Amino acid sequence: MKKLIVLTCLCMSTILWAQNSPSQLSHVDFQTASAQVVFKQDVEEVSGTMDFEIAIKSKVDSVFVDAKNLIDYEVRFNGSKADSLRYNGEQLILYAQLDNSSNNQLSIDFTIKPKKALYFIDADQDGKWEQAWTQGQGKYTSNWLPSIDDTSDKMIWNMQISVPKDLIAIANGAKRRFERGEEFDTFSYGMLQPMSSYLVAVAVGEYEFYTEQTENGVTLQYFYYPEERDKAFATYHDTREIFDYLVEEIGVEYPWQVYRQVPVKDFLYSGMENTSTTFFNDQFLVDEIGVNDRDYLNVNAHELAHQWFGNLVTAKSGNDHWLQEGFATYYALMAEREVYGDAYFSMELYQYAEALIELSNKPSKKALTDPVASSLTFYQHGAWALHALKDMIGASRFRESVQLYLQTYAYSNASTDDFIKIVEEVSQKDLTSFRKLWLETPQFPVEESLRLLRKDLFMEAYFQLAARRLDTFEDAQATYKEVLQTPVQEELVKEMVAQLAVHEDDRKYQLLVEASKLKNHKINQLISMSQQEVNAGNREMIEGFLNADSYITRENALYLLWQYASDRKKVLVHADELWESYSPSLRMAWFAMALNTNNFKKSEALEFLTELQKFTSPEYDTQTRTAAFDYLINMNAMSEQNYRDLMEASTHHVWRFYENSRDLLRSLYKKPESKSVINQILLKMDSDQAERFEAILRKSN
Ligand SMILES: [Zn+2]
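Residues numbered from 1 in each chain as written. Predicted model: local features only at pLDDT ≥ 70, side-chain atom pairs only at ≥ 80, totals over all residues. Heavy atoms only, no water.

**Student:** Could you give an account of the overall build of the protein, naming the residues involved and the relevant values?
**Tutor:** When you go through the protein residue by residue, the secondary structure sums to 25 helices and 22 strands. The C-alpha atoms of the protein give a radius of gyration of 28 Å, which matches the 27 Å a tight globule of 701 residues would have. Dimensions along the principal axes, computed over C-alpha positions, put the protein at roughly 85 × 70 × 50 Å. Burial statistics for the protein: of 701 residues in total, 55% are counted as buried. Long-range pairs, those at least 24 residues apart, make up 69% of the contacts in the protein with a sequence separation of at least 6. Only carbon and sulfur atoms are counted for the fraction: they give 47% of the accessible area of the protein, which is about 30,200 Å². Counting 71 positive and 104 negative side-chain charges, the protein places the averaged centre of each group 4 Å from the other. (Helix = DSSP H or I, 4+ residues; strand = E, 2+ residues; numbered from the N terminus. Rg over C-alpha atoms; globule rule 2.2 N^0.38 Å. Buried < 20%, exposed > 50% of the residue type's maximum accessible area, 1.4 Å probe, protein only. Contact = heavy atoms within 4.5 Å. Areas by Shrake-Rupley, 256 points an atom, 1.4 Å probe, with all protein chains shown as cover. Lys, Arg positive; Asp, Glu negative; His and termini not counted. Charge placed at Lys NZ, Arg CZ, Asp CG, Glu CD.)

Put into structure tokens, the structure is as follows:
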């Protein structure tokens, strides 16, 4: 029941560079791309027209456009229908003898049924999707829209999107026009500067938004689902502050016309930095209590930093991927420091280092400039490399270098060499040994990172406290008392709470109670999580946690109090009267406890079960559904609908979710009762669908 909510993987990385796409950039330059597309609600495909403006730089006999999953197409070149075409499933190739020329018009009418990169969300399962969104990173845009995979061939994009009435369409750039139609409304968006095709984004759904202006007059648009405006305010906290901070720190104006953030359902990752239009997982949409459990701020800052590092200047190849992820991670951490303080910044770096040291002991470790390095390396090692570089050349030279780097390669691509060369010029330092130590050696530089961490006096204090881990309570308690003296340092208190968890001395409760009075969400979450029992020393504190501004703390407290109560029903009823809102996780926990409590009426218990069973529905996010399946399977309380939901989950597009659901489905299928329910459901399916599930069930764990 105790669960820390962690969303891993900020945005995708390694897959992006897995294969090199063919490049024609030395001969052919795609300059603008104008899409006119229609999204129909009863089909999961896209049709429309792509118009490209192309410059021929040297004589060629063919031009290609990347386009996968084409069902139907027709091509025109400079106004005439093109007949000399070949489609190989990946590229549409036009054969023609072309001389140096500009302003060539290539038009493609197309229908595509995408297998990935464009996702249609039909949460209510009525056969009509109510939300659609794209995920282009991984050079995937050509899976739903004819475009150019080569990230070096940047185009200025315009998009005109027709969507069923009552839905709105969102895309990159400024909104230019809106036309109301009978069946479809049409939204037009346009950009002023070029970008790589993987950054193209479209979201369609029911949305509202509010706006703010930044210090330099950039419009920030915050999207949310109708009726959830309050959640938007909680989720987007401090956005303007981090935006203004990044503009100032980076020293280059925000490079696009507008910045909007759009939550999307069942997103593959935490967030994606589509140019001017970040998409993020709507699990981050939380109310003012939930924000203390799952805070969007880091993802928010990370995707925003990519608007410069990745979108304005794009990595030249897989060897340079850290120029995107390392920078986004480091600048996000600096932005967070503005909100959470210096100690938070140092502790995060320390935790990155711990994870990287662990990775260093594995054979799979890779250098930062290795295209197949892990996300941990690209993100956290990348951030560390920049931190070390800044220390080496000084903050102002560092800032100057980054500024010059962005200005030099704006709207273009850069390599690690390009970046290092600029830093060497600005700093007048030879970076050969830096490069070897931080960029080219798979081993994480432990000694050097410790030396850098110790420059922060807070870290010295932290290391001294951490050295107490093996002490007896008797020996350590004087130090703990010092930790609680003002000015209190949150990170030190958290370390103390972690250490106290292993001590059995009852005097520790005094310290914990004192720590809980700081009313710090993170500290109280940790305390609530570390308690194994309710006793005279902690009862009052745990009862107080029921009022905490954190659903996680409330859930931990409720579970403890319920476990140790003589009248369990009373505990649950009291909590229910106390709380005005729940997170899905807390609600499920409450129902599960209620169902394991004897003195509720049968009719009440039935109602609780019905309510709990609803959480497996596709209307909920994948994390909630996963937890709901766990509860119901453990309680042996899966309804037929829950089995159907589990089967739907096992064909879902979110990898971790479908893998886990398949495992659950297979292990249930080994039990005779479950097997018979699943077989009954299979019988009612059409044969294609049934075959798909049979294949899933056959595969062993
Ligand atoms: Zn990223």
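The rest of the description comes next.
**Student:** I'd like a rundown of the UniProt feature "domain: Aminopeptidase N-like N-terminal" (unreviewed entry) in the protein, residues and numbers included.
**Tutor:** Here the UniProt feature "domain: Aminopeptidase N-like N-terminal" (unreviewed entry) sits at residues 43-199. For the annotated span residues 43-199, helix accounts for 0% and strand for 54% of the residues, and the straight-line distance between the end C-alpha atoms is 24 Å. (UniProt positions renumbered as here; feature names shortened; annotations may be inferred.)

**Student:** So what's going on with the nonpolar core? Which residues, and what values?
**Tutor:** One finds F39, W308 and Y331 to be the most contacted residues of the largest nonpolar core, which totals 222 residues. Those residues within four positions of F39 in sequence are excluded, and the remaining contacts are V46, L118, F120, W129, W144, I161, S162, V163, P164, F184, V202 and V204. (Core = buried A, V, L, I, M, F, W, Y, C linked by side-chain atoms within 4.5 Å.)

**Student:** Explain the pairing of strand β9 (residues 118-121) to me, using residue names and the numbers behind them.
**Tutor:** Residue alternation in β9 divides its side chains into two sets, L118 and F120 and Y119 and I121, and both sets are buried. Relative to strand β10 (residues 131-134), β9 is paired through four bridges, and the arrangement is antiparallel. Across the sheet, Y119 pairs through a bridge with W133, a residue of β10. (Pairing = 2+ DSSP bridges.)

**Student:** Which residues make up the side chain of S661, and what values go with them?
**Tutor:** As for its position among the elements, S661 is in helix α23 (residues 655-669). Residue classification places S661 among the buried residues on the basis of a relative accessible area of 0%. Each residue touching S661, except ones within four places of it in the same chain, is listed here: L646, A649 and S650.

**Student:** So what about helix α2 (residues 239-250)? Which residues, and what values?
**Tutor:** The terminal C-alpha atoms of α2 lie 16 Å apart, and with 12 residues this matches the ideal 16 Å at 1.5 Å per residue to within 8%. For α2, the buried fraction is high: nine of the 12 residues fall into the buried class. Those residues of α2 lying buried are T239, I242, F243, D244, Y245, L246, V247, E249 and I250. Contacts made by the buried residues of α2 are with β17 (219-224), β18 (258-264), α3 (297-306), α4 (322-340), α6 (375-393) and α7 (395-408). Two residues or fewer past α2, G251 is found with a positive phi of approximately 80°. (Expected span 1.5 Å × (residues − 1).)

**Student:** Quick one: what's the story with the pattern of salt bridges, residue by residue and with numbers?
**Tutor:** Side chains that differ in sign of charge can pair as their charged atoms come close. The final tally for this structure, using the stated rule, is 31 salt bridges. The partner of E440 in a salt bridge is R435, with the nearest N and O atoms 3.0 Å apart. Given the relative accessible area of 39%, E440 is considered partly exposed. When the shortest N-O distance is used, the salt bridge between D663 and R666 registers 3.3 Å. Of the two residues, D663 and R666 both sit in helix α23, three residues apart, roughly one turn of that helix. A relative accessible area of 34% places D663 in the partly exposed class. (Salt bridge = Lys/Arg side-chain N within 4 Å of Asp/Glu carboxyl O.)

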